[in-house]
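Chain by chain, the residues:
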Amino acid sequence: MNTLKISVRTLVEFIMRSGSLISSSGIRNPEVMQQGSRIHRKLQMCMGPGYHSEIALSITFPFTYDNVDFEITLDGRADGIFTDKTGINIDEIKGVYYDISNMKEPVPVHRAQALCYGYIYSTEHRLPQIGIRMTYCHIPTENIRYFNEIIEYSDLKNWFYNLISSYAKWAAWQTRWHEKRNESIRAIMFPFEYRSGQADIVKGVCQSILRKKRLYIEAPTGTGKTISVIFPAVKSIGGQVTEKIFYLTAKTITRTVAENTFRLLSDKGMSLKNITITAKEKLCILDKPQCNPAACPRALGHFDRINDAVFDVITHEDNISRNVILKYAEKYNVCPFEMCLDTSVWADTITCDYNYVFDPSANLKRFFSTQKQNNYVFLIDEAHNLVDRARNMYSAMLVKEYFTEAAKAAGTASIKLAKAIDTCSIYMLRLKRECDDIKKYNITDIEEFVLNLIKLSSAFDEFFHKMPDFPHPVSTETSEKLLEFYFKICKFLNIHEILDEKYIIYGDYNNSGGFCLHLKCMDPSNNLDNYLNRGRSAIFFSATLLPVRYYMEQLAGRQDDYAIYAPSTFPVQNRLVMIASDTSTKYTRRTPLEYNKIAGYIYDFITAKTGNYLVFFPSYAMLGNITQYLHECLYNNGYTLNDSKEFIKNNTPKICIYLQNQSMDEQEREDFLLKFADNPGHTTAGLCVIGGIFGEGIDLKNNRLIGVVIAGTGLPMICTENELFREYFEEHKGSGFNYAYQYPGMNKVLQAAGRVIRTSTDKGAILLLDERFLDKSYQALFPREWYPYNVVTKDYMGTCLKKFWENCYDL
């Protein structure tokens, strides 16, 4: 018999929720939850020796609904159980910020939790009746309000049966669906003939999931890595080894690849509920999200309709995309983002951004609110991006000017709040006066400041909870500013809670001269490990996961975890890799003579064959400088610029040059890529910045791209943050330059080079314009498919290109 597990809190909140969607006060942020936990512990300790706190309770019982038999396991933890003159009592404690003096009865959802615990306990101990006590504590004042009742077991049983009956249709649907899903998964076979190395990936993923390991896969473009990690992960669901897949990405394009892969398996007969989580800003019907009934018609009565909306979508749709969510949200007049999150609970696979799993302030609390390990599989695409993303997720910063602006915004709305802001502002001013340029601190150096921040956070909590929802005592604009500042404080305090030896604390100044206090995560491995432990297995994969040792260190690899290098499936003769031996983009070499030489290389490269090319530079400044020299080179070779800004020359295909700019919107990016047409009759060269929007994630197949030039080694710019990384890793690893500059830079190079040769029939050339690529330290980072490469000068490059293109196209 199928057994469904659900917690008491999840059950009652799901079945009993009602009313409007309101998120203006930031309820349930981690700082508020910490304060609530503190109150729980304090009250429990004051209750005396006969009071038993945090009692785990569980019950499993059979149920039948709509001719479907199943079992439900309901579990939870009662805040307290005690005995008084009336008998045994269940105590449910709630720490709140709202005024409890005018409460006439407990909140129904809170009472329902206590009643569930009462039913479980009285059933287990065969009690004829049981007492229920609701304990409300006003967090700012610690005033307490009790609500007591005694309930007969027969009444409690009827109440409990009605509650479970409301959940039964969901449980019956899930039982039927899991049977259908698992049967279809067991029947499906790998949908393609295995390419070279693909079977090894599938086997590695299977073994990692079975053995609860983390796997790190370096797999070049074309190896079919997406289907190779998804297929065995899905098989593990069918085999009831796992229960849910999280496919995590950094970019929209890789999300689309995942969606298409799940859709492909569905077309082959597999039954699977797949959902993609889209950012709130992209789903919201308003220009700017405002989750309250006064601003959004969907928020009014949202919880009265949401369960019907979710049940409708999960019973009628398998591939639940953004458009599907928008369609059903409109039908039921509910918030599409909240509907998307609620629907994800019932999905088998969830495709989403990294932050929905790993970010402490944004992760899906529905799945990751506790430290419990679940049978989840994390498939982490483009995993090289997670290192920087994770460092940012687990870092926090406050700026002195934030406090000045917040004090002005608070105005006369709250004297207590304004005073708390001023206290912190004074402390920030003291730190500022001690810092000339950059200053590192020990954790003890900021203890007083953090204590004042905690008080400020409490003042904010009280301020927001005291405010009537509508209208606010301050303007909407002011309220939003204060709320934004409040969230920054909460993040700083939450990051402070997890500080360890892999952090540094420092102060410096931003470009506007504002003093900044940083809690900087240098190595995210401990924090990532904390979240990865909430799943069974994690598969990290990328076309550029070199050196794998570095990525395993930073991405929480353990001693007994695995790594796989999958060979390229593309014919080696379809790719030409060349390294220029006589040029460099080192700062000491950035002269007109060197720029002219680089421009000459680019000219000869893009005129060797008509087609589409991308040229990558280390900065916008160098892009601009070399563009001028490239234009001069074209003029010197007989080209002229026409009114359409095309370079033309008699009896020669025209050359069109397009530049990436720093402020391209989504439409401008699409227009830029549309310039790269298949089988072009002229040459197009896109000049871009390495590591930018065109440096990875774009897929120009076939003849839409036949060559890539990379000027420089992609090293990140020298700045305070990168120098701190260099110092930290020099001290801890003895390889500061590699960790802070070389490895991240080389990854950008590999990603940029990977834009050419996207399919087994593609043909293309790669030109690396920097003699540093000939150093052993760089060549140790070359992927296997770059061998053999050619060392060239400008004259010899032309010979290599001529021979390569002739062999490719039998010209």
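Residues numbered from 1 in each chain as written. Predicted model: local features only at pLDDT ≥ 70, side-chain atom pairs only at ≥ 80, totals over all residues. Heavy atoms only, no water.

## Regarding the overall build of the protein chain
Line of reasoning, step 1. Within the protein chain one finds 27 helices and 27 strands.
Line of reasoning, step 2. Expressed as lengths along the three principal axes of its C-alpha atoms, the size of the protein chain is roughly 100 × 70 × 50 Å.
Line of reasoning, step 3. Per-residue burial for the protein chain yields a buried fraction of 54% across its 811 residues.
Line of reasoning, step 4. In the protein chain, 78% of the contacts between residues at least 6 apart in sequence involve partners at least 24 apart.
Line of reasoning, step 5. Carbon and sulfur atoms provide 49% of the accessible area of the protein chain, an area that totals close to 35500 Å².
Line of reasoning, step 6. One finds the centroid of the 93 positive side-chain charges in the protein chain at a distance of 2 Å from the centroid of its 93 negative side-chain charges. (Helix = DSSP H or I, 4+ residues; strand = E, 2+ residues; numbered from the N terminus. Buried < 20%, exposed > 50% of the residue type's maximum accessible area, 1.4 Å probe, protein only. Contact = heavy atoms within 4.5 Å. Areas by Shrake-Rupley, 256 points an atom, 1.4 Å probe, with all protein chains shown as cover. Lys, Arg positive; Asp, Glu negative; His and termini not counted. Charge placed at Lys NZ, Arg CZ, Asp CG, Glu CD.)

## A few points about the sheet that holds strand β19 (residues 575-580)
Line of reasoning, step 1. Strand order in this open sheet of 9 strands is β21-β22-β23-β24-β20-β25-β26-β19-β27, and the pairing throughout is mixed. Taken across any chain shown, the strands that pair with only one partner, and hence form the sheet edges, are β21 (640-641) and β27 (790-792).
Line of reasoning, step 2. Judged from the 5 bridges that link them, strand β25 (residues 707-711) and strand β26 (residues 764-769) form a sheet pairing that is parallel. Paired with Ala711 across the strands is Leu769, a residue of β26.
Line of reasoning, step 3. Running at roughly 175 degrees to β26, helix α21 (residues 592-607) makes contact with β19, β20 (612-617), β23 (652-659), β24 (683-689), β25, β26 and β27 of the sheet. (Pairing = 2+ DSSP bridges. Axes fitted to C-alpha atoms, helices over the stretch in contact; angles between N-to-C directions.)

## Focus on the environment of Thr175
Line of reasoning, step 1. Residue placement: Thr175 occurs in helix α4 (residues 153-187).
Line of reasoning, step 2. Leave out the neighbours within four places in its chain, and Thr175 touches Asn2, Leu4, Val68, Asp69 and Phe70.
Line of reasoning, step 3. Of the polar contacts made by the side chain of Thr175, one reaches the backbone oxygen of Ala171; its length is 2.9 Å. (Polar contact = N/O pair within 3.5 Å; in protein donor to acceptor, adjacent residues only side chain to side chain.)

## Observations regarding the packing of helix α9 (residues 302-316) against helix α10 (residues 322-332)
Line of reasoning, step 1. α10 packs onto α9 with a crossing angle of 140 degrees between their chain directions and a minimal axis gap of 10 Å. Overall, the two elements α9 and α10 adopt an arrangement that is oblique. Helix-helix and strand crossings are classified by hand; for α9 and α10 the assignment is right-handed. Packed against α9, whose contacting residues are Arg305, Asp308, Ala309, Asp312, Val313 and His316, the element α10 presents Val324, Tyr328, Lys331 and Tyr332 at the interface.
Line of reasoning, step 2. Residue classes in the contact of α9 with α10 are distributed as 5 nonpolar, 1 polar and 4 charged. (Parallel < 35°, antiparallel > 145°, perpendicular 65-115°, else oblique. Left-handed = near helix turned anticlockwise from the far one by under 90°. Nonpolar A, V, L, I, M, F, W, Y, C, P; charged D, E, K, R; others polar.)

## Focus: the pairing of β24
Line of reasoning, step 1. Across the 7 residues of β24, 7 count as buried, placing the element largely inside the fold.
Line of reasoning, step 2. Every second residue of β24 is oriented toward a common face, with Thr683, Ala685, Leu687 and Val689 on one face and Thr684, Gly686 and Cys688 on the other, all of them buried.
Line of reasoning, step 3. Direction of pairing for β20 relative to β24: parallel, over a ladder of 6 bridges. In the sheet register, Val615 faces β24, and the bridge partner there is Leu687.
Line of reasoning, step 4. With 5 bridges joining them, β23 and β24 adopt parallel strand pairing. Paired with Ile655 across the strands is Thr683, a residue of β24.
Line of reasoning, step 5. Read as a crossover between parallel neighbours, the route from β23 over helix α23 (residues 666-674) to β24 is right-handed. (Right-handed = clockwise from strand over helix to strand, strands pointing away.)

## A look at the packing of helix α3 (residues 108-125) against α4
Line of reasoning, step 1. Following both chains from N to C, one finds α3 and α4 inclined at 120 degrees, their axes separated by 10 Å at the closest point. Regarding the angle of α3 to α4, the classification is oblique. Note that α3 runs across α4; the crossing there is left-handed. Counting all contacts with α3, which are made through Ala112, Leu115, Cys116, Gly118, Tyr119, Ser122 and Thr123, the residues of α4 involved are Tyr153, Leu156, Lys157, Trp159, Phe160 and Leu163.

## Quick word on unusual backbone geometry
Line of reasoning, step 1. Between Leu546 and Pro547 the backbone carries a cis peptide bond, its omega angle lying at -5 degrees.
Line of reasoning, step 2. If you trace the backbone, Pro547 turns up in the loop between β17 (537-542) and α20 (548-554).
Line of reasoning, step 3. Omega for the peptide link from Tyr787 to Pro788 comes to -5 degrees, which places this bond in the cis form.
Line of reasoning, step 4. Looking at where Pro788 falls in the secondary structure, it is placed in the loop between α26 (776-779) and β27.
Line of reasoning, step 5. Positioned with a positive phi, Glu54 is a non-glycine residue whose angle comes to about 50 degrees.

## Notes on the packing of aromatic side chains
Line of reasoning, step 1. For the structure on display, the rule yields 58 aromatic pairs.
Line of reasoning, step 2. Where Phe737 meets Tyr741, the ring centres are 5.9 Å apart and the plane angle is 25 degrees; that geometry is what we call stacked. Of this pair, Phe737 and Tyr741 both sit in helix α25 (residues 736-753), 4 residues apart, which is roughly one turn of that helix.
Line of reasoning, step 3. Owing to a relative accessible area of 38%, Phe737 belongs among the partly exposed residues under this scheme.
Line of reasoning, step 4. Residue classification places Tyr741 among the buried residues on the basis of a relative accessible area of 4%. (Phe/Tyr/Trp six-rings, centres within 6.5 Å; stacked < 30°, edge-to-face > 60°.)

## Some details on the confidence of the model for the protein chain
Line of reasoning, step 1. Confidence along the protein chain averages 92 in pLDDT terms, with 96% of residues attaining 70 or more.
Line of reasoning, step 2. Segment residues 24-31: pLDDT under 50, and 22 contacts once partners within four positions in sequence are set aside and those in other chains are kept. (pLDDT = per-residue confidence, 0-100.)

## Points about the pattern of salt bridges
Line of reasoning, step 1. Throughout the structure, instances matching the rule amount to 34 salt bridges.
Line of reasoning, step 2. Across the pair Lys520 and Glu721 runs a salt bridge, and its minimum N-O distance is 3.3 Å. With Lys520 in strand β16 (residues 515-521) and Glu721 in helix α24 (residues 720-733), this pair connects stretches of sequence that are 201 residues apart.
Line of reasoning, step 3. Among the residues examined, Lys520 registers a relative accessible area of 6% and is labelled buried.
Line of reasoning, step 4. For Glu721, a relative accessible area of 31% puts it in the partly exposed group.
Line of reasoning, step 5. A salt bridge links Asp699 to Arg758; the shortest N-O distance between them is 2.7 Å. (Salt bridge = Lys/Arg side-chain N within 4 Å of Asp/Glu carboxyl O.)

## What to know about the nonpolar core
It is characteristic of soluble globular proteins that their nonpolar side chains tend to be buried jointly.
Line of reasoning, step 1. Core analysis: the largest hydrophobic core is formed by 189 residues, its most contacted members being Phe358, Ile380 and Leu456.
Line of reasoning, step 2. Counting residues per element, this core draws most heavily on α4, which supplies 11 residues.
Line of reasoning, step 3. Not counting residues up to four positions away in its chain, the partners in contact with Leu456 are Phe403, Leu417, Ala420, Ile421, Cys424, Phe485 and Ile489. (Core = buried A, V, L, I, M, F, W, Y, C linked by side-chain atoms within 4.5 Å.)

## Brief notes about the sheet that holds strand β11 (residues 349-353)
Line of reasoning, step 1. One open sheet accounts for 8 strands, arranged β10-β9-β11-β8-β12-β17-β7-β18; its pairing is parallel. The open sheet has two edge strands, β10 (319-320) and β18 (562-565), and neither has a second partner.
Line of reasoning, step 2. Note that strand β8 (residues 244-249) and strand β12 (residues 376-380) share 5 bridges and pair parallel. Considered in β12, the bridge of Lys244 is made with Tyr376.

## Re the environment of Leu674
Line of reasoning, step 1. Considering the arrangement of structural elements, one finds Leu674 in helix α23.
Line of reasoning, step 2. Look at Leu674 and you get exposed, because its relative accessible area is 62%.
Line of reasoning, step 3. Between the C-alpha atom of Leu674 and that of Val749, which follows or precedes it by 75 residues, the distance is 23 Å.

## Looking at a nonpolar patch on the surface
Line of reasoning, step 1. Taken together, the side chains of Tyr587, Met717 and Ile718 define a hydrophobic patch exposed on the protein surface, amounting to about 390 Å² of accessible area.
Line of reasoning, step 2. Along the polypeptide, Tyr587 turns up in the loop between β19 and α21. (Patch = residues over 30% accessible without salt bridge, like charges linked within 9 Å, V, L, I, M, F, W, Y side chains within 5 Å.)

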